[in-house]
Amino acid sequence: MSGPLSHLNARGEANMVDVSEKAVTSRTAVAEGYVTMAPATLDMILDGTAPKGDVLATARIAGIMAAKKTADLIPLCHPLALSKVTVDFTPDRAGARLRVEAAVKVDGKTGVEMEALTAVTVACLTLYDMCKAVDRAMSFSGIRLVEKSGGRSGTFRAP
């Protein structure tokens, strides 16, 4: 860890970080996560034959909406005027899973890591919701920040 936690004041109480003196910079973040399921469930999603409709379109919209609402969901997160949010899916038929990736951009005073992570998480939850009638054993794994750029701390890439 590089120093004291910035969300705690001198008495150890939670507080919102003051970013008023920070410079506006271009910031990006990419997060990923996986939803593992039965092979037949993955086929159903990819074939577009799920009983509830277009699973990937619904999960994509849910992830984008979640990124925009991150400050409403995560205490002490700053509300941000996001420039771009994408949510993409990569099937892994051999592993019977979908990789979910979210990329978020902003020109702002604070980063968008939480927005990218929230987008991935809610997209994963939506995949589950859309398919739970067919496969209640689906599971989530590997939700993490893949990379971020901009701001005082510069660039991070997960190993």
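The name that an unreviewed UniProt entry assigns to the protein is Cyclic pyranopterin monophosphate synthase, with the source organism given as Methyloceanibacter methanicus. Its UniProt record gives the protein the following Sequence similarities (unreviewed entry) comment, quoted word for word: "Belongs to the MoaC family." UniProt, in its Subunit (unreviewed entry) section for the protein, records the words "Homohexamer; trimer of dimers."

K.L.:
Report on the side chain of Thr 126, specifying residues and quantitative values.
P.N.:
Position of Thr 126 relative to the elements: it lies in helix H4 (residues 113–131). When neighbours within four sequence positions are excluded, Thr 126 is seen to be in contact with Thr 58, Ala 59 and Ala 62.

K.L.:
Go over the packing of aromatic side chains, please, and point to the residues and values.
P.N.:
According to the stated counting rule, one finds one aromatic pair in the structure shown. Centre to centre, the rings of Tyr 128 and Phe 140 are 6.3 Å apart; their planes meet at 75 degrees, and the pair counts as edge-to-face. One end of the pair, Tyr 128, is in helix H4; the other, Phe 140, is in strand S4 (residues 139–149), with twelve residues separating them in the sequence. When its relative accessible area of 36% is taken as the criterion, Phe 140 is described as partly exposed. Over the aromatic face of Tyr 34 sits the side chain of Arg 97, whose NZ or CZ is 4.0 Å from the ring centroid.

K.L.:
Can you break down the packing of helix H2 (residues 55–68) against H4 residue by residue, with the values?
P.N.:
Contact geometry of H2 with H4 gives a least axis separation of 7 Å together with a crossing angle of 145 degrees. Judged by the sense of rotation from one axis to the other, the crossing of H2 with H4 is right-handed. In this structure, H2 contributes Val 55, Leu 56, Thr 58, Ala 59, Ala 62, Gly 63, Ala 66 and Ala 67 to the contact, and H4 contributes Glu 115, Thr 118, Ala 119, Val 122, Ala 123, Thr 126, Leu 127, Met 130 and Cys 131. The class makeup of the residues in the contact of H2 with H4 is twelve nonpolar, four polar and one charged.

K.L.:
I'd like to hear about unusual backbone geometry, residue by residue, with values.
P.N.:
Within the chain, Leu 76 stands out as a residue other than glycine whose phi angle is a positive 75 degrees. A relative accessible area of 29% places Leu 76 in the partly exposed class. The phi dihedral of Ala 96 is positive, around 50 degrees, even though this residue is not glycine. Here Ala 96 lies in the loop between strand S2 (84–92) and strand S3 (97–108).

K.L.:
Got a sec to walk through the nonpolar core? Specific residues and values, please.
P.N.:
As a rule of thumb, soluble globular proteins bury nonpolar side chains together. Grouped together as the largest cluster of nonpolar side chains are 30 residues, with contacts concentrated most on Ile 45, Phe 89, Leu 98, Val 100 and Leu 127. Of all the elements in the fold, those that place two or more residues in this core are strand S1 (25–36), helix H1 (39–47), H2, S2, S3 and H4. Broken down by element, the residue count for this core peaks at eight residues, all from H4. Ignoring sequence-local partners within four residues, the contact set of Val 100 consists of Ala 31, Glu 32, Gly 33, Val 87, Asp 88, Phe 89, Val 120, Ala 123, Cys 124 and Leu 127.

Parameters and conventions
- Residues numbered from 1 in each chain as written.
- Predicted model: local features only at pLDDT ≥ 70, side-chain atom pairs only at ≥ 80, totals over all residues.
- Heavy atoms only, no water.
- UniProt positions renumbered as here; feature names shortened; annotations may be inferred.
- Helix = DSSP H or I, 4+ residues; strand = E, 2+ residues; numbered from the N terminus.
- Contact = heavy atoms within 4.5 Å.
- Phe/Tyr/Trp six-rings, centres within 6.5 Å; stacked < 30°, edge-to-face > 60°.
- Buried < 20%, exposed > 50% of the residue type's maximum accessible area, 1.4 Å probe, protein only.
- Lys NZ or Arg CZ within 6 Å of the ring centre and 35° of its normal.
- Axes fitted to C-alpha atoms, helices over the stretch in contact; angles between N-to-C directions.
- Left-handed = near helix turned anticlockwise from the far one by under 90°.
- Nonpolar A, V, L, I, M, F, W, Y, C, P; charged D, E, K, R; others polar.
- Core = buried A, V, L, I, M, F, W, Y, C linked by side-chain atoms within 4.5 Å.

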